[in-house]
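An overview of the molecular structure
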Amino acid sequence: MYEQVSHSLLNDILIALKPEIKNQKLQHFYTRLGANFYAIHSLFSALYGDRPDFRQQMLHLVETLARQYIKRPAALKKTDLAREKDHNWFLSQNWVGMALYSDRFADNLQGLQSKLHYLQDLGINMVHVMPVLDCPPGNSDGGYAVRDFRKVDPRIGTLGDLDALAVAMKKRDMLITLDVVVNHTSNEHEWASKARQGDKKYQDYYFVFDDREVPDMFEESMPEIFPETSPGNFTWDEQMGKWVMTVFNSFQWDLNYKNPAVFIEMVDIILFWANHGADILRLDAVAFLWKKIGSSCQNEREAHLLLQLMKDCCQVTAPGLLFIAEAI
């Protein structure tokens, strides 16, 4: 759709792109960017349009999408084109799914790869490999307290093992589904560590407060998710000397999506896993993405806008990728 404001901004962004992006042949990327930019601009404006750095953040977003497109393997770009032509591919009644933990099913990722023939014999052609990312032992929340979004849990294998599994599944026409935790990080994540050290940039990635005034206003309307094991929605961090929002567990710090840098970081992580072969990504805890005083901080309109924006961004770089999420 042509719209003057977004079209003018897109022209400015394309002019401002760094040479390492401009010098690449990105025909399909630019075609998709043009087709989706009005929607991306509209959603980004609705969420972040009142910020003085709005245009810089839009440039950063487009550069992030471009860099991940440049990294995208040729085989996956070919799949993107095929799925664009057959855009209802995921509605086929031929898909039969199974969810499993690789360590419980076959010890590790290599073991799972060796069992693909068994799954195929059962008629399974979509496998949801339950959380595989690096989490602190003991404070993992079953794989949903992520310490490193780009590292596989060493107890089940390596990133190379996951790549090999994805390639093997594609040769068998099987889909691989992975989890990405979008609402929070482990308190041992690099961003949290830098926040603890006083880095204001990374403190702004979370909800942190010097005293209880604002947390108490949130608490008036926020339900407790685990009232018996993790009462309240805020935890005092002694090292940082601040209260931090921890809706699920005290070791899971909620991300602040009112900061566009957080959104762009998460889109980059989503596309990282798309480029490592994920056909489907299950986005965890999406109902909680937007926090607002005076509300339950669940299923806010902005949370839905964030999901739409994530999908529109992925349509530019990896249109063959599908999202699913838990329904709350």
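The structure contained in this document is the topic of the report that follows. In this text, all values refer to a predicted model and were calculated from it rather than measured experimentally.

1. Details of the side chain of Gln-68
Here Gln-68 shows up in helix H4 (residues 54-71). Of the polar contacts made by the side chain of Gln-68, one reaches the side chain of Asp-268; its length is 2.8 Å. Apart from the residues lying within four places of it in its own chain, the contact partners of Gln-68 are Asp-268, Leu-271, Phe-272, Asn-275 and Thr-317.

2. Here we look at the packing of aromatic side chains
Under the defined criterion, the tally for this structure stands at 20 aromatic pairs. Pairing Phe-29 with Tyr-69 gives two aromatic rings, centres 5.6 Å apart and planes at 40°, and the pair type is tilted. With Phe-29 in helix H3 (residues 27-48) and Tyr-69 in helix H4, this residue pair connects regions lying 40 residues apart in the sequence. Residue class for Phe-29 comes out buried when judged on its relative accessible area of 0%. In this structure Tyr-69 comes out as buried when scored by relative accessible area, which is 4%. Plain terms: the ring middles of Phe-149 and Trp-191 are 6.1 Å apart, the flat faces sit at 40° to each other, and that makes the pair tilted. Taken together, the positions of Phe-149 in strand E4 (residues 148-152) and Trp-191 in helix H10 (residues 190-196) put the pair 42 residues apart, joining distant regions of the chain. An aromatic cluster is defined as three or more aromatic residues linked by ring pairs; in this entry it consists of Phe-44, Tyr-48, Phe-54 and Phe-263.

3. Observations concerning the sheet that holds strand E2 (residues 126-129)
The five strands are arranged E1-E2-E5-E11-E12 in an open sheet whose pairing can be described as parallel. One side of each edge strand has no neighbouring strand; the edge strands of this open sheet are strand E1 (97-100) and strand E12 (322-325). Taking the axes of each pair of neighbouring strands and ignoring which way they run, one obtains an average angle of 25° across the sheet. Both strand E5 (residues 175-181) and strand E11 (residues 280-284) contribute to a ladder of five bridges, which runs parallel. Bridging from a neighbouring strand, Val-180 pairs with Leu-283 of E11. Relative to the sheet, helix H9 (residues 159-171) contacts E2 and E5, its axis offset from that of E5 by approximately 145°. Across the sheet, helix H14 (residues 301-317) is in contact with E11 and E12; its angle to E12 comes to roughly 160°.

4. With respect to H3
Side chains that are three or four residues apart share a direction in an α-helix, a result of its 3.6 residues per turn. Largest kink in H3: about 50°, centred on Asn-36. Among the residues making up H3, those that are buried are Phe-29, Arg-32, Leu-33, Asn-36, Phe-37, Ile-40, His-41, Leu-43, Phe-44, Leu-47 and Tyr-48. Where H3 is buried, its residues touch helix H1 (4-16), H4, helix H5 (74-85), helix H13 (260-275) and H14.

Procedures and definitions
- Residues numbered from 1 in each chain as written.
- Predicted model: local features only at pLDDT ≥ 70, side-chain atom pairs only at ≥ 80, totals over all residues.
- Heavy atoms only, no water.
- Helix = DSSP H or I, 4+ residues; strand = E, 2+ residues; numbered from the N terminus.
- Polar contact = N/O pair within 3.5 Å; in protein donor to acceptor, adjacent residues only side chain to side chain.
- Contact = heavy atoms within 4.5 Å.
- Phe/Tyr/Trp six-rings, centres within 6.5 Å; stacked < 30°, edge-to-face > 60°.
- Buried < 20%, exposed > 50% of the residue type's maximum accessible area, 1.4 Å probe, protein only.
- Pairing = 2+ DSSP bridges.
- Axes fitted to C-alpha atoms, helices over the stretch in contact; angles between N-to-C directions.
- Bend = angle between axes of the 7 residues up to and from the residue.

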